[in-house]
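So the chains spell out like this:
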Number of protein chains: 2
Amino acid sequence: MMKKILHFDKNAIKAMEKRYRANFINSITGYKSANLLGTISQSGVENLAVFSSVTHLGSNPALLGFITRPTTVSRHTYLNIKSTGIFTVNHINTSIITNSHQTAAAYHEDISEFTATGLTSEYLNKWKAPFVKEAHIKIACEFINEYKIKENGTLLIIGAIKEIFIPEETLCDDGWINLEIADGIAINGLDSYSAPKLFNRFAYAKPDKKPSSILNS
Amino acid sequence: MMKKILHFDKNAIKAMEKRYRANFINSITGYKSANLLGTISQSGVENLAVFSSVTHLGSNPALLGFITRPTTVSRHTYLNIKSTGIFTVNHINTSIITNSHQTAAAYHEDISEFTATGLTSEYLNKWKAPFVKEAHIKIACEFINEYKIKENGTLLIIGAIKEIFIPEETLCDDGWINLEIADGIAINGLDSYSAPKLFNRFAYAKPDKKPSSILNS
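Residues numbered from 1 in each chain as written. Chains lettered and ligands numbered in written order. Predicted model: local features only at pLDDT ≥ 70, side-chain atom pairs only at ≥ 80, totals over all residues. Heavy atoms only, no water.

Engineer: Explain the overall build of chain A residue by residue, including any values.
Structural biologist: A count of helical and extended segments in chain A gives 5 helices and 13 strands. Its C-alpha radius of gyration of 19 Å places chain A within 12% of the 17 Å reference for a compact globule of 217 residues. Expressed as lengths along the three principal axes of its C-alpha atoms, the size of chain A is roughly 60 × 50 × 30 Å. Relative to its 217 residues, chain A shows a buried fraction of 59%. When contacts within chain A are restricted to residue pairs at least 6 apart in sequence, those whose partners lie at least 24 apart make up 57%. (Helix = DSSP H or I, 4+ residues; strand = E, 2+ residues; numbered from the N terminus. Rg over C-alpha atoms; globule rule 2.2 N^0.38 Å. Buried < 20%, exposed > 50% of the residue type's maximum accessible area, 1.4 Å probe, protein only. Contact = heavy atoms within 4.5 Å.)

Engineer: Explain the packing of aromatic side chains to me, and be specific about the residues and the numbers.
Structural biologist: Under the defined criterion, the tally for this structure stands at 12 aromatic pairs over all chains. An aromatic cluster is defined as three or more aromatic residues linked by ring pairs; in this entry it consists of Phe8(A), Tyr20(A) and Phe24(A). (Phe/Tyr/Trp six-rings, centres within 6.5 Å; stacked < 30°, edge-to-face > 60°.)

Engineer: Quick one: what's the story with the relation of the copies chain A and chain B, residue by residue and with numbers?
Structural biologist: Mapping chain A onto chain B leaves a residual RMSD of 0.0 Å; the transformation is a rotation of 180° accompanied by 0.0 Å of translation along its axis. With respect to symmetry, the two chain copies, as superposed, fit the operation of a two-fold axis. Ranked by how close their C-alpha atoms come to the rotation axis, the residues of chain A are headed by Pro196(A), at 1.8 Å. Residue by residue, 99% of the interface of chain A is reproduced at the interface of chain B, so both copies engage with the same surface. (Least-squares fit on C-alpha atoms with pLDDT ≥ 70 in both.)

Engineer: Lay out the sheet that holds strand β12 (residues 186-188) of chain A with the relevant residues and their values.
Structural biologist: Spatially, β2(A)-β12(A)-β13(A)-β13(B)-β12(B)-β2(B) is the arrangement adopted by the 6 strands of the open sheet, whose pairing is antiparallel. Sheet topology places β2 (32-33) of chain A together with β2 (32-33) of chain B at the edges, where each strand pairs with a single neighbour. Pairing of strand β12 (residues 186-188) of chain B with strand β13 (residues 192-201) of chain B involves 3 bridges; the strand directions are antiparallel. Note that in β13(B) the partner of Ala186(B) across the bridge is Ser194(B). (Pairing = 2+ DSSP bridges.)

Engineer: Let's hear about the pairing of strand β3 (residues 35-40) of chain A: which residues, and what values?
Structural biologist: Residue and element names in this part refer to chain A. Within β3, 6 of the 6 residues are buried, which leaves the element mostly enclosed by the surrounding structure. Burial of the side chains of β3 extends over both faces: Asn-35, Leu-37 and Thr-39 are buried on one face and Leu-36, Gly-38 and Ile-40 on the other. Looking at chain direction, β3 and strand β4 (residues 46-51) are connected through 6 bridges and run antiparallel. Considered in β4, the bridge of Gly-38 is made with Leu-48. Counting the residues in the hairpin turn of β3 and β4 gives 5 residues, including Gly-44, whose phi is positive at 95°. Bridge analysis of β3 against strand β7 (residues 86-91) gives 4 bridges, and the strand direction is antiparallel. Note that in β7 the partner of Leu-37 across the bridge is Val-89.

Engineer: Describe the pairing of strand β7 (residues 86-91) of chain B, and please don't skip the residues or the numbers.
Structural biologist: All names here are of chain B. With 6 of 6 residues buried, β7 lies mostly within the body of the structure. Of the two faces of β7, the one carrying Ile-86, Thr-88 and Asn-90 and the one carrying Phe-87, Val-89 and His-91 are both buried. Strand direction decides the pairing type here: β7 and strand β10 (residues 138-149), joined by 5 bridges, are antiparallel. Its bridge partner lying in β10, Thr-88 is registered against Ala-140.

Engineer: Quick one: what's the story with the pattern of salt bridges, residue by residue and with numbers?
Structural biologist: In total, this model carries 12 salt bridges over all chains according to the counting rule given. Here the residues in one salt-bridge network are Asp174(A), Arg201(A) and Asp191(B), joined through shared partners. (Salt bridge = Lys/Arg side-chain N within 4 Å of Asp/Glu carboxyl O.)

Engineer: Please provide a residue-by-residue account of the interface of chain A and chain B, values included.
Structural biologist: Between chain A and chain B, the residue contacts involve 114 residues of the former and 113 residues of the latter. Buried surface at the junction of chain A and chain B, both sides included, amounts to about 9,700 Å², of which 62% is carbon and sulfur. Counting every contact that joins chain A to chain B gives 4 salt bridges. Note that Lys4(B) is salt-bridged to Glu168(A), the shortest N-O span being 3.7 Å. The tally of links from chain A across to chain B stands at 62 residue pairs in polar contact (both at pLDDT 80 or more). Looking at the side of chain A that touches chain B residue by residue, the classes come out as 57 nonpolar, 32 polar and 25 charged. Inspection of the sheet shows strand β11 (residues 154-167) of chain A paired to strand β1 (residues 5-9) of chain B by 5 bridges, in the antiparallel sense. Each bridged residue has a counterpart across the sheet, and for Phe165(A) the counterpart in β1(B) is His7(B). (Buried area = accessible area lost by both parts, 1.4 Å probe. Polar contact = N/O pair within 3.5 Å; in protein donor to acceptor, adjacent residues only side chain to side chain. Nonpolar A, V, L, I, M, F, W, Y, C, P; charged D, E, K, R; others polar.)

Engineer: I'd like a description of the environment of Val89(A), backed by residues and values.
Structural biologist: Residue and element names in this part refer to chain A. Looking at where Val-89 falls in the secondary structure, it is placed in strand β7. By relative accessible area, Val-89 is classed as buried at 0%. Each C-alpha atom of the pair Val-89 and Glu-113 lies 15 Å from the other, and the pair is 24 residues apart in sequence.

Engineer: Which residues make up helix α3 (residues 75-84) of chain A, and what are the values?
Structural biologist: All names here are of chain A. Listed as buried for α3 are His-76, Thr-77, Tyr-78, Asn-80 and Ile-81. Lining the buried residues of α3 we find β3, β4, β6 (62-68), β7, β10 (138-149) and β11. Residue Gly-85 follows α3 closely and has a positive phi angle near 80°.

Engineer: Any details on the nonpolar core? Residues and values, ideally.
Structural biologist: Grouped together as the largest cluster of nonpolar side chains are 64 residues, with contacts concentrated most on Ile161(A), Ile164(A), Ile166(A), Ile161(B), Ile164(B) and Ile166(B). For Ile161(B), the contacting residues outside a window of four places in its chain are Lys10(A), Ile13(A), Ile25(A), Ile28(A), Ala62(B), Leu63(B), Leu64(B), Ile139(B), Ala140(B) and Cys141(B). Counting residues in each nonpolar core, the second largest holds 16 residues, with Leu57(A), Leu63(A), Ile149(A) and Ile158(A) among its members. (Core = buried A, V, L, I, M, F, W, Y, C linked by side-chain atoms within 4.5 Å.)

This is the structure:
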């Protein structure tokens with residue numbers, strides 16, 4: 001297995017056909033999170049879009065970040081966040097992969113991706129941005145800041161986590177959330193969805209100790 | 001299933017015990033990539049550390065980013081990158097999860113995590129930072145820039161992808177890399193490793209078309 005290794009240098013990457021390179025480089029950093037970002041415009045049009053770049057930034061204060069490009073199909077997400085100051089993050093699960101992927105189509109700004117793709121918007125705890133009813137894990141965020149990545153014109157958006165809704169059976173005694181029980185999904189590249197199976201969980205690593213599993217503890 | 005939903009607001013999150021909150025918030029954004037970052041100091045000491053925040057930033061130019069905190073155990077990674085300008089990104093696979101997790105132990109700066117954890121350093125194509133021989137997917141990066149996230153003092157490090165080594169059987173005709181064939185892993189929280197199984201792959205989404213699978217095409 002894994003006998004023949006291919007090597008690509010920077011020139012070979014640069015020379016790739018555009019779509020080929022997008023598939024290649026979007027896969028090469030490994031698995032990514034699979035979330036639907038819910039927003040609403042000032043005039044009340046709901047928007048929903050898949051993002052694979054939502055990443056933990058820190059726990060205290062609880063912050064997350066994601067990357068966006070203001071000129072792509074997901075620009076409505078960005079514009080709504082900037083005008084309302086809020087958004088929701090909703091985990092994709094195996095039951096809603098097809099609908100979720102379809103939110104990436106270039107719908108007109110007056111069309112709600114909820115309506116177009118058959119997902120259901122819901123409003124929880126008076127939060128003014130829509131959640132995805134079918135998602136099991138839901139997060140309400142306030143826009144905090146944006147950093148322009150000058151190397152390619154993308155933006156890192158920083159969100160402060162304000163509300164979290166999770167199924168009780170996914171939360172363990174030590175605060176860890178079992179994403180497999182939440183039927184969670186990971187993204188491979190631009191267009192592929194994988195269902196992870198828990199392999200192992202370890203105790204805090206120390207130099208003088210061998211790694212020990214803490215599964216089922 | 002998923003009948004009882006727990007709700008946590010910002011005050012409940014803030015009031016959590018520190019380690020509980022770290023587990024909780026590190027899990028809440030979903031699955032993360034699982035990579036070992038390889039670096040070397042000016043005096044020749046190799047360093048290896050798990051990072052779960054490596055994220056695709058753009059394909060042309062090919063860029064990735066990751067989050068680090070200059071004061072944690074992985075500060076040697078940061079210091080080495082700043083002094084040498086280079087690093088490697090190596091995918092964790094199921095065979096090396098235990099060794100990889102152990103790199104997170106607080107070894108003295110004179111100790112190589114390769115030696116301490118039983119992983120093998122290798123040097124490919126005259127790149128001066130060490131790769132992990134046991135990894136199937138390996139990336140060589142040059143440090144390009146860093147952005148200080150003032151909200152919590154972390155840094156977003158930007159790397160330019162210069163060389164890529166991947167097994168031939170993982171690369172599809174359209175540039176997509178099948179991470180399951182590469183035996184890839186995703187991280188759930190701080191300390192848990194999951195093995196994803198490919199669920200579906202879709203054609204480019206369009207408003208007037210239903211989503212169509214392109215698996216095995």
